[in-house]
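Listed below are the residues making up each chain.
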Amino acid sequence: MLLHIPRVLLPQETTTFRQALEQSSDWVDGRETVGAQGAQVKQNQQLAESSALREQLGQRIQQALLANPLFFAAALPLRILPPRFNRYQGGETYGMHIDGAVMRMDSNQHLRSDLSCTLFFNDPDSYDGGELVVADTYGEHEVKLPAGDLILYPSSSLHEVRPVSKGARLASFFWVQSMVRNDANRRTLFEMDTAITTLTQSGADRDAILKLTGVYHNLLRQWAET
Ligand code: NI
């Protein structure tokens, strides 16, 4: 499931973040954090792992995500890798690849990448190219979102970032290990959650909503790993 989550950051904060990223001198070659498979097709810049700005902005993004009901319902996050930041300009691109399945969070903890996230910082009209293309069983999907918006997609998908031929594309990217490993199960829970919210808002029968809510939690109990 590809899910567009609007307004993870509000416009003013998005602008502040973008300006801080534009002015930073912490940019390094993006191949710093990629394995041999990715290194062959990755041409971009990334904020250094040691950058204080990366840590500061990353923490704020994590806060915003955990306060976002749509993100929470769709991702059911167990762990989130500290967000990283990248920049594409002057024809830079990241060809088709698949993200690593297991990532190191710190010296004694790992994260299984169930979901990949990209948070956009530039207005789509301000640069040419730079579409995120995600390939799944239904074909290829092109994603280029407004500044402050996020796309959530399964880490099991092949994907690429098309060359940025004019302007610059700044984004944050990170991975989520979900409490629910299986993508189809997670989607079922998300759809049920969305339907229960709609029924509640429309004033539908309370006993029926209560039973459905019980089914949601009992499925989550069967499928969740914590
Ligand atoms: Ni990737």
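Predicted model only: the values in this text are computed from it and were never measured. (Residues numbered from 1 in each chain as written. Predicted model: local features only at pLDDT ≥ 70, side-chain atom pairs only at ≥ 80, totals over all residues. Heavy atoms only, no water.)

### Focus: the side chain of Ser113
As for its position among the elements, Ser113 is in the loop between strand 9 (109-112) and strand 10 (115-120). Residue classification places Ser113 among the buried residues on the basis of a relative accessible area of 10%. Polar side-chain contacts of Ser113 include one of 2.7 Å to the backbone oxygen of Gly100. Residues in contact with Ser113, not counting those within four places in the same chain, are Gly100, Ala101, Met103, Ser155, Trp175 and Val176. (Helix = DSSP H or I, 4+ residues; strand = E, 2+ residues; numbered from the N terminus. Buried < 20%, exposed > 50% of the residue type's maximum accessible area, 1.4 Å probe, protein only. Polar contact = N/O pair within 3.5 Å; in protein donor to acceptor, adjacent residues only side chain to side chain. Contact = heavy atoms within 4.5 Å.)

### Here's the deal with the coordination of the nickel ion
Here the nickel ion is held by His97 (NE2), Asp99 (OD) and His159 (NE2), and the distances to it run 2.1 Å. Coordination of the nickel ion draws on donor residues from a single chain, spaced H-x1-D-x59-H in sequence. For His97, a relative accessible area of 4% puts it in the buried group. Accessibility expressed as a relative area gives 14% for Asp99, which makes it buried. (Donors = N, O, S within 2.8 Å, 3.2 Å for Na, K, Ca; no water.)

### A few points about the sheet that holds strand 3 (residues 42-43)
Taken in spatial order, the five strands line up as 3-7-15-12-13 in an open sheet, and their pairing is antiparallel. Only two strands of the sheet have a single partner each, and these edge strands are strand 3 and strand 13 (139-143). Relative to strand 13, strand 12 (residues 132-136) is paired through five bridges, and the arrangement is antiparallel. Each residue of the ladder has a partner; that of Asp136, found in strand 13, is Gly139. (Pairing = 2+ DSSP bridges.)

### Things to note about the side chain of Asp149
Its place among the elements puts Asp149 in the loop between strand 13 and strand 14 (150-154). For Asp149, which is buried and forms no salt bridge, the nearest opposite charge comes from Arg7, at a distance of 6.1 Å. Within the structure, Asp149 has its side chain in polar contact with the backbone nitrogen of Arg7 (distance 2.8 Å). Residue contacts for Asp149: discarding those within four places in its chain leaves His4, Ile5, Pro6, Arg7, Thr118, Leu119 and Phe120. (Lys, Arg positive; Asp, Glu negative; His and termini not counted. Salt bridge = Lys/Arg side-chain N within 4 Å of Asp/Glu carboxyl O.)

### Overview of the packing of aromatic side chains
Scanning the entire structure with this criterion turns up three aromatic pairs. With a centroid separation of 6.2 Å and 25 degrees between ring planes, the pair formed by Phe85 and Phe121 is classed as stacked. Here Phe121 lies in the loop between strand 10 and strand 11 (128-129) and Phe85 lies in strand 6 (residues 84-89), a separation of 36 residues in the sequence. Plain terms: the ring middles of Phe173 and Trp175 are 5.7 Å apart, the flat faces sit at 90 degrees to each other, and that makes the pair edge-to-face. Each member of the pair, Phe173 together with Trp175, is buried. Here a set of aromatic residues connected by ring pairs shows up, and it is made of Phe17, Phe85 and Phe121. Over the aromatic face of Tyr127 sits the side chain of Lys144, whose NZ or CZ is 4.3 Å from the ring centroid. (Phe/Tyr/Trp six-rings, centres within 6.5 Å; stacked < 30°, edge-to-face > 60°. Lys NZ or Arg CZ within 6 Å of the ring centre and 35° of its normal.)

### Focus: the pairing of strand 10
In terms of residue burial, strand 10 counts as a mostly covered element, since six of its six residues are buried. Residues of strand 10 alternate between two faces, with Leu115, Cys117 and Leu119 on one and Ser116, Thr118 and Phe120 on the opposite face, all of them buried. By the bridge criterion, five bridges tie strand 10 to strand 14 in an arrangement that is antiparallel. Bridging across to strand 14, Cys117 finds its partner in Leu152. Note: strand 10 against strand 17 (residues 168-178), six bridges, orientation antiparallel. From the neighbouring strand, Cys117 faces strand 17, where its bridge partner is Phe174.

### What to know about a nonpolar patch on the surface
A contiguous nonpolar patch, built from Met96, Ile98 and Leu158 and spanning about 230 Å² of accessible area, is present on the exposed surface. With respect to the helices and strands, the residue Ile98 is situated in the loop between strand 7 (93-97) and strand 8 (102-106). (Patch = residues over 30% accessible without salt bridge, like charges linked within 9 Å, V, L, I, M, F, W, Y side chains within 5 Å. Areas by Shrake-Rupley, 256 points an atom, 1.4 Å probe, with all protein chains shown as cover.)

### Comments concerning the nonpolar core
In this structure, Leu21, Phe71, Phe121, Leu150 and Leu152 are the most contacted members of the largest nonpolar core, which totals 29 residues. Per-element tally for this core: the top contributor is helix 3 (residues 52-66), with five residues. Not counting residues up to four positions away in its chain, the partners in contact with Phe71 are Ile5, Leu65, Leu76, Pro77, Ile80, Cys117, Leu152 and Val176. If you look at the next biggest cluster of nonpolar residues, it comprises 12 residues, including Phe120, Val134, Ile151 and Val161. (Core = buried A, V, L, I, M, F, W, Y, C linked by side-chain atoms within 4.5 Å.)

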